[in-house]
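Structure at a glance
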Amino acid sequence: MKPPGPVYTCSKVLVLLSLLAVHQTTTTQQNIDIYSLTVDSRVSSRFAHTVVTSRVVNRANTVQEATFQMELPKKAFITNFSMIIDGVTYPGIIKEKDEAQAQYSTAVAKGRSAGLVKAAGRNMEQFQVSVSVAPNAKITFELVYEELLKRRLGVYELLLKVRPQQLVKHLQMDIHIFEPQGISFLETESTFMTNELVDALITSQNKTKAHIRFKPTLSQQQKSPEQQETVLDGDLIIRYDVDRADSGGSIQIENGYFVHYFAPEGLTTMPKNVVFVIDQSGSMSGRKIQQTREALIKILDDLSPRDQFNLITFSSEATQWSPSLVPASAENVNKARSFAAGIHALGGTNINDAVLMAVQLLDRSNREEQLPPRSVSLIILLTDGDPTVGETNPRNIQKNVREAVSGQYSLFCLGFGFDVSYAFLEKLALDTGGLARRIYEDSDSALQLQDFYQEVANPLLTAVTFKYPSNAVEEVTQDNFRFLFKGSEMVVAGKLRDQGPDVLTAKVSGHLITQNVTFQTESSVAEQEAEFQSPRYIFHNFMERLWAYLTIQQLLEGSVSASDAEQQVLRTRALNLSLAYSFVTPLTSMVVTKPEDQEQSQVAEKPVEGDSRYRNVHPGHAFFRHHVLGAPRAKTPKTAGVSGFRRNLGTGGFDVGKLGLPGPPGAPDLAAVHPFRLPALFPPAPSNPDSAVSGVMNIETKETTMTAQTPAFIQAPSAILPLPGQSVEQLCVDPRHCQEPVNLLSDPEQGVEVTGQSQMEKAGFSWIEVTFKNPQVQVHASPEQVVVTRNRRSSAYKWKETLFSVMPGLKMTMDKTGLLLLSDPDKVTIGLLAWDGRGEGLRMFLRDTDRFSSHVGGTLGQFYQEVLWGSPAPSDDNRRMLRVQDTDHSATRKRKLDYQEGPPGVEISCWSVEL
């Protein structure tokens, strides 16, 4: 079976809300009180307009300093920030960056902070502003930003970081989505949801609109009735996609502007010729090279049999794995996997020779007619450092590669960590029609690499060109593209001419695997204008801003690979648009104005990827304080920032207590008060007590006991299974004698299959994989993490991270104990746990097993077919024979640990079966 796919990382909208007040004295108080916090995000045809409003009051009798802090996506542009103090609005003023810096150079020279926006994490930027608040005074902060959501691996994603740091009387988040094409699916995910918070999240949806509201009460926000601390600390994620009935795409028109979205369905993937160029210099040693090997092996598994490939490794010198490109047959892939497993790090970094070797390899294959017609040739470079051997001048390397490629191939550059010049790699890639991506050094680096590969693994069209009537449109954004990859989307925007035709037509041409193709579509101007006027809650006049946003992004990207003269023209146009539409871009700054008696030196700038000046903020490790103005500021211990900013989530998830097993007949039905725990069932007893084997024999129920303390010698079984019947007993199963992965459970009518690898020397599994047919989701659990894959996009979760994900046909929850539940009202519930007690390994249990069909099977699923129990052994009534599908198994009553409510587990008596 194939290992899990890459970690899903899509285009995101991120909001971090934090107002944290800490007294200088030993007693910590929250004198700066957030009494209202709202987020209003309106997504109109992929364009997100987000307004964050925070209202605070100073409840102290002295002047305090309050800090407003939030995070927004790197691709977003801030459009406005204002503060209302004593009824007076203090707006942010957007100016050319050089002008703003010159205005405040004196303040900067005095050591005052002029930067309000810093890079924070992989996809975020952190914005913060501090202001003095008089006693009992109120202040309102409002920040607005905009972004065009990018489709990646078949999904758009909106992510709100929820971290208020205190209980908030009025906390409300509203996300409105309007997609005229129709919303094909919508799912929500949360990393802070508890039982108490579930009712605070409400989702409503029709064909074209969706509304997600999160409005928790004060009591729902509390960790517990005794604690005045908030449980809200995590992510609220909304993912969706749209219907695509017209292969020519969707043209949408509003207020004199249009946008054309193009992502046709049903196209055949084109074959690839891919050369992987892997840095194995000394700086890659340790974890980096280990993760690179792991990712490369999994990427090789994903190659199509129609693809051709080769590997080049380099340090001081470059080496080819094979003399030429080879087909991605099972034999060749296995040989390449063995080679990749032996890659080790040593030596310098000769990027120039390695990339040129890859180009020469493709050139030779092309001359020898080894490249299939209409195939796509890609070079994927992974490096973690700047060149140190051979040609080391970045400009010369860029020139050498650009001239060698000569427009025939595309180079995709992956920069591992922060020791490599991202600007160098970005230009190297953009010069050849590729792109660059930073790979962050973390536990999921291998999955980041796989994620990137999945984005470019399935080319559908090449040489794509958009054409519109010249009498209908003007000022059109980029209208020709090198590739269309599966799961992505092309976007073209422009302005309609005055007195233009009533119907806007478009032709999209490109190269398929077998032929050239032209798609045609049209859109009525009047009908489209009317459609965008009707939704009352949608951000109107958005399409002009979408056009400006997209134009600026493309001008800035184009300037990277342009000549010096062209670069100046492109940057000047981008600057003028940024000022005209009030966008904070890399070319502009926003001056934050304040009352006259306060510091006037704060300037918000757009961070640039790779600029070390913007890398001094680490998410979760910032520290903010308030102080009495005029009093000396005490030094803050370094650890205070970490402990003050990050707080535990509390119980999280669905931790509802250790209820244990249901009691004997006549006892209260615990399932009635515990919706996530059903009584375990046992097979009906045989009617003939003298028969050796019978399907209707009464089996005396042993008394079940529970202990609060877990004895060290009591074992947690690999799987706990309730069986059909009315008994409270359970079956504890340990499939220990399987050296290969086995089918644990399959039910075609339920649309579920579970495979796993048991541990030979002890109970438990080394990995378990659950695959659902509808929705198409795969959950791969290992002792280290859980990877959830849907449509080639994956997300990784560490055990004991709170997770609450709801999609059509499946709910996934995980609480702080690490208990993962996969459930649906019509499906059997599957529970997984990374057991870290004695006998470490994965554990599994089932609930709602009455929902199995008659076709259920597998090593564990077989117990839901006809099960026959034998009479007790003459000398020991704790032993029975169990016949399943004509195979006899010995069942012994033993004391085991029940982990169905999470660790440390409770002691039970159950029938133990080893397979």
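Keep in mind that this is a model prediction, so the values were computed, not measured. Note on numbering: residues in each chain are counted from 1, in written sequence order. Where totals are concerned, whole chains, interfaces and linings use all residues; where local detail is concerned, this predicted model gives features only for residues with pLDDT of at least 70, and gives and counts side-chain atom pairs only at 80 or more. Side-chain measures here rest on the full set of heavy atoms in the structure, leaving out hydrogens and waters.

Strand order in this open sheet of four strands is β17-β18-β29-β27, and the pairing throughout is antiparallel. This sheet does not close on itself; its edge strands, each paired only once, are β17 (250–254) and β27 (473–474). Here β17 pairs with strand β18 (residues 257–262) via five bridges, running antiparallel. Across the sheet, residue glutamate 254 finds its bridge partner in β18, namely tyrosine 257. Residues are treated as being in contact if the distance between any of their heavy atoms lies within 4.5 Å. Note on geometry: axes are lines fitted to C-alpha atoms, helical ones only across the stretch in contact, with angles between N-to-C directions running from 0 to 180 degrees. Labels follow the DSSP assignment, with helices taken as runs of H or I lasting at least four residues and strands as runs of E lasting at least two, numbered in each case from the N terminus. Across the sheet, helix α10 (residues 525–533) touches β17 and β29 (490–496), and the angle it forms with β17 is around 70°. Where helix α11 (residues 542–560) meets the sheet, its contacts fall on β17, β18 and β29, and the angle it forms with β18 comes to roughly 65°. Following DSSP output, two strands are said to pair if at least two bridges run between them.

Attention now goes to the nonpolar core. Grouped together as the largest cluster of nonpolar side chains are 59 residues, with contacts concentrated most on Phe81, Phe127, Ile177 and Phe214. Per-element tally for this core: the top contributor is strand β1 (residues 32–44), with five residues. Note on terminology: a nonpolar core comprises buried Ala, Val, Leu, Ile, Met, Phe, Trp, Tyr and Cys residues joined through side-chain atoms within 4.5 Å. Only protein chains enter the calculation, and the probe is 1.4 Å; a residue is then buried if its accessible area is under 20% of its type maximum, exposed if over 50%, and partly exposed in between. Leu744, Val770, Phe772 and Ala781 belong to the second largest nonpolar core, which has 48 residues in total.

A separate point is the pairing of strand β5 (residues 88–96). Strand residues, when the strand is regular, have side chains that alternate between the two faces of the sheet. In terms of strand pairing, strand β4 (residues 77–85) meets β5 through four bridges, oriented antiparallel. The residue bridging isoleucine 84 from the neighbouring strand is threonine 89, located in β5. Two successive antiparallel strands, β4 and β5, enclose a turn made up of two residues, where aspartate 86 displays a positive phi of approximately 55°. By the bridge criterion, five bridges tie β5 to strand β32 (residues 588–592) in an arrangement that is antiparallel. By the bridge assignment, glycine 92 is partnered in β32 with valine 592.

Attention now moves to the pattern of salt bridges. One speaks of a salt bridge when a side-chain nitrogen belonging to Lys or Arg is within 4 Å of a carboxyl oxygen belonging to Asp or Glu. Counting across every chain of the model gives 36 salt bridges. Put simply, aspartate 33 and arginine 59 hold a salt bridge, and the shortest N to O gap is 2.9 Å. Taken together, the positions of aspartate 33 in strand β1 and arginine 59 in the loop between β2 (47–58) and β3 (64–73) put the pair 26 residues apart, joining distant regions of the chain. Under the relative-accessibility criterion, aspartate 33 is labelled buried at 17%. Overall, the relative accessible area of 53% leaves arginine 59 in the exposed class. Its salt-bridge partner being aspartate 876, residue arginine 879 comes within 3.6 Å of it at the nearest N-O pair. Linked by salt bridges that have partners in common, Arg46, Arg151, Glu179, Asp241, Arg244 and Glu489 make up one network.

Don't take any of this as a statement about function, it's just geometry.
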